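Tertiary structure, described
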Amino acid sequence: MLDFLARLFRTRPRLAPEALQSAFREHYRNFRALITANNNALELMSLAEETLHSGKPFGMAFVRGELTALTVNVYKMVHSLVALSDGRYQALHERFRHITEAIEAILSRQPEVTGGAHCLTMAQIDRRVIDQVGPKMANLGEIGNRLGLTVPDGFAITAAASRYFMESSRVQDEINRRLKTLDVDNLEDLYLVSSAIQELIRSAPLPEDLDGMIRDQYDRLARRLGTQPTVSVRSSALGEDSQHGSFAGQYRTRLNVAAAAIADAYKEIVASKYLSQAIVYRQQRGYRHQDVLMGVGCLAMVEAVCSGVAYSRAPEDEHSPWVVIHAATGLGHHIVDGSAAYDLLHVQVEAPHGVETVHLADPQRPCLTEALARELARQALRIEDHFGTPQDIEWALDPGGRLVILQARPIGAPSKEASPPRLQAARDRLAGETPLLAGGVTASRGVGAGAVFKVTCAVDALNFPQGAVLLVDTPYPEWAVLINKAAAVISESGQSATHLATVAREFGVPALFDLPGAMKQLENGQDVTVDATARRVYAGRVEPLLEAARHRPNLMQGSPIHKLLEEALALITPLRLTDPNSPYFKPAACRTLHDITRFCHEKALTEMFNFGHRYGARDKSAKQLVVVNMPSQWWVINLEDGFRPDADLSTPFVRIEDIVSAPMLAIWKGMTAVPWAGPPPVSMRGLGAIIAQSTMNPQLDPAVRSRMAGRNYFLLSRNYCNLSVRLGYHFALAEASFSDLLTESYVNFQFQGGAADERRRRRRVQLLGELLREIDFRVDIKGDSLTARIEKRPVPYLKERLVVLGHLLIHTRQVDMVMDEEGYIARYLDKLRADIARIRQDLTEENTTVGTPAQHPVD
Amino acid sequence: MERPRNILLIDDEEEFLAAMSRRLARRDFEVRTATRCAKGMAIVAAGWPQVVVLDVMLPDTDGMACLAGIKQAAPRLPVIMLTGHASMQASLQGLEHGASDYCLKPIALDELVEKIIIAFNETGSAR
C-alpha cells in the first residue's frame, strides 16, 4: 500500500505527446552519455589496475593522464545522472569532489626536506642526518664518526641548500616544461633535453649567502688540515642507494677541484641530476624527478698510491665465503667506470682471512700487500656488520700506508634466475655445442638473446634497437641508458664492480664482461644467445635455454610512483556498493570513484525503467515479451529504436518478432540456442544447501518482488542492450553496445551472489570465469562476484561472444546443483564447451533464425 | 550516429593546426582554424562550427576564459578541450564550464574523431 502511494506520488502530471517525446529524448541522451562514460571509466580503471601489477615502467605523465581521463568520465556520469533524475542525486557532486580532492592531494605531494641547515661539517654527519645530506655522505660520516675508520675530512651541502639554489634560480618551471614533452625512448631528444637542462642549472647564479657559506666551510676545512686541499665534489642524492634502487653511476663526481672552482663544481653535480642516464633510470624505476633531491659532498682529496672497490661479499652470491677486492694504481674511479686494468683479490670472510690472488694487472707490482688486503677485508666486514647488509666500498691507500674509505653502499640483491634445475638441464643439453665465445666475468646473471649491436659512441646509441644485444668495448656508465632496451650486454673489458654491471643486475639484464676480442668476433646484426651465468655466447637463439631462464624483476614495485598510484587507486577501484537493494546503496555511502560509477549506472537504469510509468507513457513502459503467443517472464523497455517501427505499442505486450535490437537478439539467440537438458542429477546435500540459504535470506525468496529488482528485463535500442536477470537466485547484468565507433563497441558482464554457500558461489564464478576467458573476455573475480569485459572490437566479434554469454547465462545455473560431484562438473564443463563450439560454428554459417526460448521454470 | 561536418580548431601551435586540419579533412570534415581565441569566437559568432576543439593555452586569453566565452555565445555548441597538460583540477574546471570532453595530447586521430562524433551527439546539437 505504501509502495503504491509512493509510486502514485512520484507519478508526474501527464505531458502532451510532444513534450513527452522531447522529455524522453532528453532522458535518453543523458542516459547514453552516462553509459558511454561508464564504459570508459570501467576500462580506465581496469587499465590502471593492470599497469600497477604488470611491473612495466610507467611515469607520472601516465598516472596523471589516466586519472585525468577517469575523473572526466566519472564527472560526466554524475552530471548526466543528476540531469536524468531531475536533480535527485545532487549529493553525488559533493562525494565526487571529496574523493577527487583526496586523489589530487596524493598526486601533488612533495618530498619533505628536513632541517634548514645548508652545510654540515664531517664531524656533524652520521645516519641521523641522512634526510639532509643523502645516504652517501651519511654513511661516510657514520663510518668515520661511529666506526672510527679513516674517511676524508670535508663537509656536506644539504638537500635544503640545493632546493634553495633551484628555487632562487627559478629554472625549475622551465626544466619541468622541457621534461613534460620528453620521450625518453627517443635518445636524440633525450640527449638534447638533458644537456639543455644541465646548462640551465650550470649557468644559474648561486645565491650569494650559499656561496659564502660554502667558502666558509672550505676555509674551516683548510684550517683543520693545515693546507689548502683540492676536493672531490660528489653527489649524495636523497633516496639514492636505498633498498629499492642503487642509482649506481647516475650522477657526476668531480675530482681535484680547487677552492675557486667549488661553486661551479657544485652546480655541475646538482645539474647531473638531469644526466640522460639518470632521467631514464628514474623513469624506468618509477621515480618522479622531484622525488630526488641533491645532497652534495665536498671531501678533501686523498693522495692515493692505489685505490679500488671492495665487496664485503661477492656481489652475485650473498653466501660467498670471500671478500672481493679490486685494486688499481693511482686514484681510480676508472674501476667503476669500467676502464682500468686492475688486480683482483679474494680474502676469506672467516678469520684468519686468507688471501688469494686471482689476477694482477702487473704481476711484478701488486697494488696491495697481503697484510693490507687483509686489513681492508676486515674493515669491509666491520662496515657490513654495522649497516647489516653486504657493502660495496670504494677505498684508497694514501702514501702513508693508511686505508681511507671513500664511499660505502649496500650491494644490490643478486640477480635472480628462474627454476635452476630446468636451467641446468638446458645447459647440460648444450654441453656438446661449441660456443662462439667462452670465458669472461659474469657481471649480471641470466640468459638473453638478440641481434648483436655494437656501440662505440653516442651516435651508435641513438640507433640501438629494442631487444638487441649490446656489445661494447668498455662498460661506461653512459651506456646505462640502453640497459632497458638490451636483451643482454657483452663487453670486452670491465668487471662486476662497474656501475653498468650494477644497473644490469638491477634491471635483470644478463651481462658478460671481460671478453677480449668480442668486438671483432661478433658481427653486427648476428643473432646470439648470451648465457652470462655460464659465461658463454652461442650462435642463434637457443630457445630451450631462454625459456628456462625467463625472468625479469618487477622494477616498479615499491617505487615512489608505484606507491603513489597504489594509494590513488585505493580511492578509485574498490567497490563497496554492490547491492542495489541495500539501504546503504546511496550517494553518501560512496567512498570510491568505482562506487560512484556503480551508483550512477544502477540509478540511470532505474530512471529509464521507470520513465514510462512515471510519465504515464504506455509506449515507454515495460512490456512483457511474447514468444510463440505465450507471455514470457521477460520485460522489455524500448529506449529508442529497438522495436520495428510498425510494432503495435498499444498493449502491455511486445512480440519477439517486433524487436530489432541487434545486441538483444544476439543474447536471446544464445539463451535459446540449445534447449535446457532438464535438471541434472541432484545430490541431496546440494539441494539442501540451496533451500537452507533461501530460507535464511529473504532477498533470495523469488516471491519477494520489489518493482524492478524482481524482474528480468531488457532495456534496448537498435544498437544497445542492457539485460538484468535474476535467474535461480543469481543476479546477472549484461550490457552491450554495437557501433562503428570503437569507444561504443563493448560487452560488459557482471555476475553475483545467488544461493548456495560461499564456497560453491566462489567455485561457480571461477568456472564461469574460466569459460569466459576461453572466449577472450577480460575477467576479474573478487570473492563470489565476477566482472568480465570486452571492448573496442568489431561488431561480429562482439555478437559471437554475446550469443555465447546468453547461453552461459541460462545454463550455468544448473552447475550449482552438481557442485559437489567432481565428475559431473568435468562432464558438465565439457558439455558447455561443446555447446559453445557448436554455437560459434552455427554463427559462422550465419543462421539468423530466432528460436523458442528454452523451456525452463523461471523463479 | 550522426556526424558533424564543420570543425573549428583553436590552438596556438600553427604546426599542430596545419597537421590536424589536413588529417581531419581526409576524414571528410570541413576544418577552420584559429590561433587566437578572438578569431575563434568570430567563427563561432557566425554560427559555422558544429564542434570546437580547443587548446587550453592560448596567446590572447587562457583556454578556460575562451571556453566560457564560447559557451556563452553558443550554449549548445560542443567544445572538446585538448591539452598537453594533464591536470584533474583543470579538467574538472573545463567540464564545469561546459566542455564536452577533456583530452590529452598526443591523441590518436581515430580517437579524436570518435570524441568529436560522440560530443556532437551527446550535446544534442545533432538536431
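All of these numbers come straight from a predicted model, not from anything done at the bench.

Thresholds, definitions, all that
- Residues numbered from 1 in each chain as written.
- Chains lettered and ligands numbered in written order.
- Predicted model: local features only at pLDDT ≥ 70, side-chain atom pairs only at ≥ 80, totals over all residues.
- Heavy atoms only, no water.
- Helix = DSSP H or I, 4+ residues; strand = E, 2+ residues; numbered from the N terminus.
- Rg over C-alpha atoms; globule rule 2.2 N^0.38 Å.
- Salt bridge = Lys/Arg side-chain N within 4 Å of Asp/Glu carboxyl O.
- Buried < 20%, exposed > 50% of the residue type's maximum accessible area, 1.4 Å probe, protein only.
- Pairing = 2+ DSSP bridges.
- Contact = heavy atoms within 4.5 Å.
- Axes fitted to C-alpha atoms, helices over the stretch in contact; angles between N-to-C directions.
- Buried area = accessible area lost by both parts, 1.4 Å probe.
- Polar contact = N/O pair within 3.5 Å; in protein donor to acceptor, adjacent residues only side chain to side chain.
- Parallel < 35°, antiparallel > 145°, perpendicular 65-115°, else oblique.
- Nonpolar A, V, L, I, M, F, W, Y, C, P; charged D, E, K, R; others polar.
- Core = buried A, V, L, I, M, F, W, Y, C linked by side-chain atoms within 4.5 Å.
- pLDDT = per-residue confidence, 0-100.
- Disulfide = S-S within 2.5 Å.
- Phe/Tyr/Trp six-rings, centres within 6.5 Å; stacked < 30°, edge-to-face > 60°.
- Lys NZ or Arg CZ within 6 Å of the ring centre and 35° of its normal.

1. Observations regarding the overall build of chain B
When its secondary structure is counted, chain B shows five helices and five strands. Across chain B, helices and strands are ordered from the amino to the carboxyl terminus as β-α-β-α-β-α-β-α-β-α. Compactness check: chain B gives a C-alpha radius of gyration of 13 Å against a globular reference of 14 Å for 127 residues, within 12% of the reference. Taken along its principal axes, the extent of the C-alpha atoms in chain B is 30 × 30 × 30 Å.

2. A short note on the pattern of salt bridges
Residue and element names in this part refer to chain A. Counting across every chain of the model gives 44 salt bridges over all chains. Here arginine 313 makes a salt bridge to glutamate 384, at a shortest N to O gap of 2.9 Å. Of this pair, arginine 313 sits in the loop between strand E6 (306–311) and strand E7 (322–329) while glutamate 384 sits in helix H14 (residues 370–387); the two residues are 71 residues apart in sequence, bridging distant segments of the chain. A relative accessible area of 18% places arginine 313 in the buried class. Across the salt bridge formed by aspartate 776 and arginine 801, the nearest N and O atoms sit 3.0 Å from each other. With a gap of 25 residues between them, aspartate 776 in the loop between helix H24 (758–774) and strand E27 (778–782) and arginine 801 in helix H25 (residues 795–811) connect regions that are remote in the sequence. According to the relative accessible area criterion, aspartate 776 is partly exposed, its value standing at 41%. Judged by its relative accessible area of 4%, arginine 801 falls in the buried class. Taken together, the salt bridges that share partners define one network made up of Glu50, Arg778, Arg789 and Glu791.

3. Quick word on the pairing of strand E3 (residues 231–235) of chain A
All names here are of chain A. The element E3 is extensively covered by neighbouring structure, given that five of its five residues are classed as buried. Of the pairings in the sheet, the one linking E3 to strand E4 (residues 253–257) comprises three bridges and is antiparallel in character. What sits directly across from arginine 234, in E4, is threonine 253. Here five bridges tie E3 to strand E5 (residues 296–300), and the two strands are oriented antiparallel to one another. Note that in E5 the partner of valine 231 across the bridge is alanine 300.

4. A short note on the sheet that holds strand E18 (residues 527–531) of chain A
Residues and elements named next belong to chain A. Across the sheet, eight strands lie side by side as E12-E19-E18-E14-E15-E16-E17-E13; this open sheet has mixed pairing. At either margin of the open sheet sits one strand with a lone partner, and together these are strand E12 (437–438) and strand E13 (441–444). For E12 and strand E19 (residues 536–539), the ladder comprises two bridges, and the chain directions are antiparallel. Within E19, the position partnered with alanine 438 by the bridge is arginine 536. Packed on one face of the sheet, helix H17 (residues 499–507) meets E13, strand E16 (488–491) and strand E17 (511–513) and runs near 60° to E13.

5. Thoughts on the interface of chain A and chain B
Facing the 25 residues of chain A at the interface are 24 residues of chain B. Regarding the contact of chain A and chain B, the summed buried area is about 2100 Å², with carbon and sulfur atoms giving 60% of it. Three residues, A:Arg29, A:Tyr75 and A:Leu741, lead the burial of chain A against chain B; their summed loss comes to 27% of the area buried on that side. Connecting chain A to chain B are two salt bridges. With its nearest N and O atoms 3.5 Å apart, the salt bridge here joins B:Glu122 to A:Lys76. On the surface where chain A and chain B come into contact, there are five residue pairs in polar contact (both at pLDDT 80 or more). Among the elements of the structure, helix H2 (17–54), helix H3 (60–84) and helix H4 (91–107) of chain A are those that each provide at least two residues to the side of chain A that touches chain B. With eight residues, the top contributor of residues to the side of chain A that touches chain B is H3(A).

6. Brief notes about the pairing of strand E23 (residues 712–717) of chain A
Residue and element names in this part refer to chain A. In terms of burial, E23 is a largely internal element, six of the six residues being buried. Taken together, the five bridges between strand E21 (residues 630–638) and E23 define a ladder with parallel strand orientation. Paired with asparagine 638 across the two strands is leucine 716, which belongs to E23.

7. With respect to the sheet that holds strand E11 (residues 403–410) of chain A
All names here are of chain A. Ordered in space as E9-E8-E7-E6-E10-E11, the six strands form an open sheet in which the pairing is antiparallel. The strands lining the two open edges of the sheet, one partner per strand, are strand E9 (355–359) and E11. Going from strand to strand, the sheet's axes swing by 20° on average, the running direction of each strand aside. Bridge count between E7 and strand E8 (residues 343–348): six bridges; the pairing is antiparallel. What sits directly across from tryptophan 322, in E8, is glutamine 348.

8. Details of the packing of H3(A) against H4(A)
All names here are of chain A. In contact at an axis separation of 11 Å, H3 and H4 are set at 175° when each is read in the N-to-C sense. Taken together, the axes of H3 and H4 lie roughly antiparallel to each other. Within the contact between the two elements, H3 uses Met60, Val63, Arg64, Leu67, Thr71, Val74, Tyr75, Val78, Leu81 and Val82 and H4 uses Leu92, His93, Phe96, Thr100, Ile103, Glu104 and Leu107. When the residues that make up the contact of H3 with H4 are grouped by side-chain class, the tally is twelve nonpolar, three polar and two charged.

9. A closer look at unusual backbone geometry
Cis geometry marks the peptide bond from B:Lys105 to B:Pro106; its omega dihedral reads -5°. Tracing the backbone shows B:Pro106 in the loop between strand E5 (101–104) and helix H5 (109–122). Despite not being glycine, A:Arg170 has its phi angle at roughly 55°, a positive value. Within the element layout of this structure, A:Arg170 appears in the loop between helix H7 (159–169) and helix H8 (172–180). Using a relative accessible area of 74% as the deciding quantity, one classes A:Arg170 as exposed.

10. Description of the nonpolar core
Residues and elements named next belong to chain A. Formed by 89 residues in total, the largest nonpolar core has its most connected members in Phe31 and Ile596. Broken down by element, this core gets its largest block of residues, 14 residues, from H2. Not counting the four nearest positions on each side in its chain, phenylalanine 31 is found in contact with Leu84, Ala604, Leu605, Met608, Leu639, Leu715 and Tyr720. Ranked by size, the runner-up nonpolar core spans 63 residues in total, among them Phe165, Ile197, Ala265 and Val503.

11. Points about the confidence of the model for chain B
For chain B, per-residue confidence averages 89 on the pLDDT scale, and 96% of positions sit at 70 or higher. On the interface metric, ipTM, the complex scores 0.91, and its pTM is 0.70.

12. Here's the deal with the confidence of the model for chain A
Residues and elements named next belong to chain A. Per-residue pLDDT for chain A has a mean of 82; in total, 84% of the residues score no lower than 70. When pLDDT is averaged over each helix and strand of chain A, the minimum, 46, is found for helix H23 (residues 684–696) and the maximum, 95, for strand E2 (residues 154–157). Low pLDDT, under 50, characterises residues 678–688; the stretch is placed with 14 contacts to residues that sit more than four places away or in other chains. Note on residues 847–859: pLDDT is under 50 here. Beyond four places in sequence and across chains, it has 31 contacts.

13. What about the state of the cysteines?
Residue and element names in this part refer to chain B. All chains considered together, the criterion is met by one disulfide over all chains. Each sulfur of the disulfide joining cysteine 37 and cysteine 66 lies 2.2 Å from the other. Measuring handedness by torsion sign, the sulfur bridge of cysteine 37 and cysteine 66 sits at about 95° and is right-handed. Of the two residues, cysteine 37 sits in helix H2 (residues 37–45) while cysteine 66 sits in helix H3 (residues 63–73), which places them 29 residues apart along the sequence. What makes cysteine 66 buried here is its relative accessible area of 0%.

14. A closer look at the packing of aromatic side chains
All names here are of chain A. One pass over the structure, following the stated rule, counts 13 aromatic pairs over all chains. Judged by centre distance (4.9 Å) and plane angle (70°), the ring pair of phenylalanine 24 and phenylalanine 611 falls under edge-to-face. Here phenylalanine 611 lies in helix H21 (residues 593–614) and phenylalanine 24 lies in helix H2, a separation of 587 residues in the sequence. Seen from their ring centres, tryptophan 634 and phenylalanine 714 are 5.6 Å apart, and the 40° between their planes marks the pair as tilted. Residue tryptophan 634 is found in strand E21, and its partner phenylalanine 714 is found in strand E23; the two are separated by 80 residues along the sequence. Both residues of the pair, tryptophan 634 and phenylalanine 714, belong to the buried class. Among the aromatic residues, those joined into a cluster by ring pairs are Tyr28, Phe31 and Tyr720. The ring of tyrosine 797 has arginine 801 lying over it, and the distance from NZ or CZ to the ring centre is 3.7 Å.

15. A word on the packing of H4(A) against helix H20 (residues 560–570) of chain A
Residue and element names in this part refer to chain A. At a minimum axis distance of 9 Å, the contact between H4 and H20 shows a crossing angle of 175°. When the axes of H4 and H20 are compared, the pair comes out roughly antiparallel. Touching Ile103, Ile106 and Leu107 of H4 are Leu564, Glu567 and Ala568, all from H20. Looking at side-chain class alone, the contact of H4 with H20 contains five nonpolar, no polar and one charged residues.

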